[in-house]
Amino acid sequence: MTRDIAPDKKLLFKVHMPKSVDGPLLETLHSGFIGQGTKVDEFEEKLRAYFNHEHVVTVNSGTSALQLALRLANVGPGDEVISTPMTCTATNMPVLAMGAKLVWADSNPVTGLIDAESIRSKITEKTKAIIMVHFGGLPCDIDGINALAQEHQIKTIEDGAHAFGVSYKGKKVGCHSDFVMFSLQAIKHITTIDGGLLFCKNAEDYKRAVLLRWYGIDRNAKRKEFRCEENIAEFGYKFHMNDICAVIGIEQLKYVDDLLQRHRDNQLFYDERLKAIPGIQLIPKPSDIVSCPWLYVLHVTDGRRNDFMAWMDTQNVMASRVHERNDIHDAFAESNCQLPGVDTFNASQVSIPVGWWITDDDRAYIADKIEEFSQTFVQ
Ligand SMILES: Cc1ncc(COP(=O)(O)O)c(C=O)c1O
C-alpha cells in the first residue's frame, strides 16, 4: 500500500532515522542475541544520564508503560482513575484494561490541559490515581496536581508521550511525579520503532516494574540452569524492550538535543509571526518551562477551524486536530459527563507542522499561508 501524500507536502510528522543506525543495527541483528540484553541495559544507562533519573525502565510501548504504572499504583477493579478525554485513546485504554473506572476531569479551555480544580472536584474515596497528559508537549500544572494528589494520598502518572526533552521548573519532565511515561513510537521526538519508557520516583516501584515487564521474573538472578527456576511472586506482562529497538534508541539519543532545539526554534518563530493574526489565537507558554513541542497547537476562532484545515491542505500544508476527544467513543461511555472546557478547546484547536524537518523556508511559507487564510476568510 502506498500513501497518497504529495512529496513536497509540509508534514505534521516525520520519522527521524539517521543512516548511522544501519551499522549498529545490522551488527545486533546478526549477533545471535536480539531479545532483551546488553543493548537494553546500555540504552537505559544512557537514558538515566540524559534525564538525571535513577529509575528508568524501558518497555515495548508507551501504552505498556501506562499499564505498568497503573499496576504499580495498585489500580484495579472498583477503583477510579481521574484522567482527561482530550488525548490519544492510548492514554485511557490501559485504565479500562485494569478494570478500573475512568472519571473525566475538565480541561483548561485554552491549553486543553487537565485542570487541577476540576480534578479536585472529582476526587472520591475510590480515586487511586490521576493521569495528566502534556498535550502537544505543553506541561500540565505538575506541581499543583502533585500537591493535590499528596493531600489525598493518590498516585500521579504523567503521560509525557508528547513531551520528551521538555523542562518544567528547571528539571526535565520525567523527574517530578510518582510515574512518568514516554512513547518511543514511530513518529515521536525519538523512536525505537515502537517502545516506551517508565520513570518511577521510588526504588521499590522501580524494582517491581523491572520484574513485571517480563512475567514477574528476575532476568538477572543467579541461577543454576535456566530462568524459570525461582518463584514468581506475582504475575507480570510481556512488556520488555528488545535489543533491536534499544540499539536504534541508543543511536537516536545522539541526535535528540539538536532535533529538540529545532522544534523549539520553529515554535519561537511561529509565536512571533502568528501572534497578531486576526482569527488565530495562540496558546500562552509559562515562563518556567523549556518547551520543544511535538505539536504546535493553536486555535482558529469564529468557527473557522475546519475551513482552515481544508485551506491549508490546498496549500500543501498538513493541519490536523491530531487527537479526537475520547469521550465520543462507546468504550468510554460509562464516564460521560459535562466538560465545558474540553468542548471549548476541542471546537477550535488545530496543529501545524513544527518538527525538525520544517526548514526556515517551510515555516515562513506556513506562516504566510496562515496570514493569507486570515485575510481571505476572517472578517
Ligand atoms: C498522548 C499519548 N499517550 C500515549 C500514547 C501511547 O504510546 P505508544 O504508541 O508508544 O503505545 C501516545 C501515542 O502515540 C500518545 O500520543
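The coordinates are above.
Residues numbered from 1 in each chain as written. Predicted model: local features only at pLDDT ≥ 70, side-chain atom pairs only at ≥ 80, totals over all residues. Heavy atoms only, no water.

Moving on, we come to the overall build of the protein. Looking only at helices and strands, one finds twelve helices and 13 strands in the protein. Taking 379 residues into account, the globule formula puts the C-alpha radius of gyration at 21 Å, and the protein, at 21 Å, falls close to it. For the protein, the C-alpha atoms occupy an extent of roughly 75 × 55 × 40 Å along the three principal directions. Within the protein, buried positions represent 56% of all 379 residues. Accessible surface, the protein: about 16700 Å² in total, of which carbon and sulfur atoms supply 52%. Once the 41 positive and 51 negative side-chain charges of the protein are each reduced to a mean point, those two points are 3 Å apart. (Helix = DSSP H or I, 4+ residues; strand = E, 2+ residues; numbered from the N terminus. Rg over C-alpha atoms; globule rule 2.2 N^0.38 Å. Buried < 20%, exposed > 50% of the residue type's maximum accessible area, 1.4 Å probe, protein only. Areas by Shrake-Rupley, 256 points an atom, 1.4 Å probe, with all protein chains shown as cover. Lys, Arg positive; Asp, Glu negative; His and termini not counted. Charge placed at Lys NZ, Arg CZ, Asp CG, Glu CD.)

So, about the side chain of arginine 213. Tracing the backbone shows arginine 213 in the loop between helix 7 (203-212) and helix 8 (243-253). Other than its neighbours up to four places away in sequence, arginine 213 contacts Gln36, Glu44, Val57, Thr58, Val59, Leu68, Tyr237, Lys238, Phe239 and His240. (Contact = heavy atoms within 4.5 Å.)

By volume, the largest pocket amounts to about 290 Å³. Around the largest pocket sit 22 residues that line it, and Cys88, Ala90, Ser183, Gln185 and Lys188 are the ones nearest its centre. Counting residues per element, the ones that place at least two in the lining of the largest pocket are helix 3 (62-72), helix 4 (89-97) and strand 8 (179-183). Top element by residues in the lining of the largest pocket is helix 3. It accounts for three residues. Taken together, domain 1 (19-253) and domain 2 (256-377) each give at least three residues to the lining of the largest pocket, which thus spans both. The computed volume of the second largest pocket comes to approximately 230 Å³. Contributing to the lining of the second largest pocket are 16 residues, with Thr111, Leu113, Pro139, Cys140 and Asp141 lying nearest its centre. Of the residues assigned to the lining of the second largest pocket, the class counts are ten nonpolar, two polar and four charged. Two domains share the lining of the second largest pocket, each providing at least three of its residues, namely domain 1 (19-253) and domain 2 (256-377). (1 Å grid on protein atoms, 1.4 Å probe; cavity = no way out; pocket = protein on both sides within 12 Å on 5 of 7 lines; lining within 4 Å. Points joined across faces, edges and corners; volume = space filled by probe spheres on them. Domains from an automatic or database assignment. Nonpolar A, V, L, I, M, F, W, Y, C, P; charged D, E, K, R; others polar.)

This part takes up the pattern of salt bridges. Between side chains of opposite charge, a pair can form as their charged atoms come close. Tallied over the full model, the rule gives 27 salt bridges. As a salt-bridge pair, glutamate 234 and arginine 71 come within 3.1 Å of each other at their nearest N and O atoms. Of the two residues, glutamate 234 sits in the loop between helix 7 and helix 8 while arginine 71 sits in helix 3, which places them 163 residues apart along the sequence. We classify glutamate 234 as partly exposed; its relative accessible area is 29%. Classification of arginine 71 by relative accessible area gives buried; the value is 9%. (Salt bridge = Lys/Arg side-chain N within 4 Å of Asp/Glu carboxyl O.)

What follows concerns helix 3. Burial runs high along helix 3: ten of the eleven residues are buried. Taken together, the buried positions of helix 3 are occupied by Gly62, Ser64, Ala65, Leu66, Gln67, Leu68, Ala69, Leu70, Arg71 and Leu72. Its side-chain oxygen at 3.3 Å from the backbone nitrogen of threonine 63, serine 61 defines the N-terminal cap of helix 3. One or two residues past the end of helix 3 sits asparagine 74, with phi positive at roughly 60°. (Polar contact = N/O pair within 3.5 Å; in protein donor to acceptor, adjacent residues only side chain to side chain.)

What follows is about unusual backbone geometry. Here the phi dihedral of isoleucine 193 falls at roughly 80°; this positive angle occurs in a residue that is not glycine. Along the polypeptide, isoleucine 193 turns up in the loop between strand 8 and strand 9 (196-200). The residue aspartate 302 is not glycine, and still its phi comes out positive at about 60°. You can see aspartate 302 is positioned in the loop between strand 12 (296-300) and helix 10 (305-314). Residue class for aspartate 302 comes out exposed when judged on its relative accessible area of 59%.

What follows is about a nonpolar patch on the surface. On the surface, Val15, Met17 and Ile193 cluster together into a nonpolar patch covering about 260 Å² of accessible area. Positionally, methionine 17 belongs in the segment before helix 1 (22-29). (Patch = residues over 30% accessible without salt bridge, like charges linked within 9 Å, V, L, I, M, F, W, Y side chains within 5 Å.)

A word on the pairing of strand 9. Within strand 9, five of the five residues are buried, leaving the element largely enclosed by the surrounding structure. Burial along strand 9 is two-sided: Gly196, Leu198 and Cys200 and Leu197 and Phe199, pointing in opposite directions, are all buried. Pairing analysis gives four bridges linking strand 1 (residues 56-59) to strand 9, with the strands arranged antiparallel. Counted as the bridge partner of threonine 58 is leucine 197 from strand 9. Sheet topology note: the strand 8/strand 9 ladder contains five bridges and is antiparallel. When the bridges of strand 9 are listed, phenylalanine 182 appears paired with leucine 197. (Pairing = 2+ DSSP bridges.)

Here the idea is plain: a probe the size of a water molecule rolls over the atoms and shows the empty space left. Using the criterion set out here, one finds three cavities of 30 Å³ or more in the structure. Lining the largest cavity are 14 residues; nearest its centre among them are Leu138, Lys285, Pro293, Leu295 and Val297. For the lining of the largest cavity, a count of residues per class yields eight nonpolar, five polar and one charged. Quantified by volume, the second largest cavity comes out at close to 50 Å³. Lining the second largest cavity, in full, are Lys14, Ile187, Lys188, His189, His263, Trp294, Trp356 and Trp357. Split by residue class, the lining of the second largest cavity holds four nonpolar, two polar and two charged.

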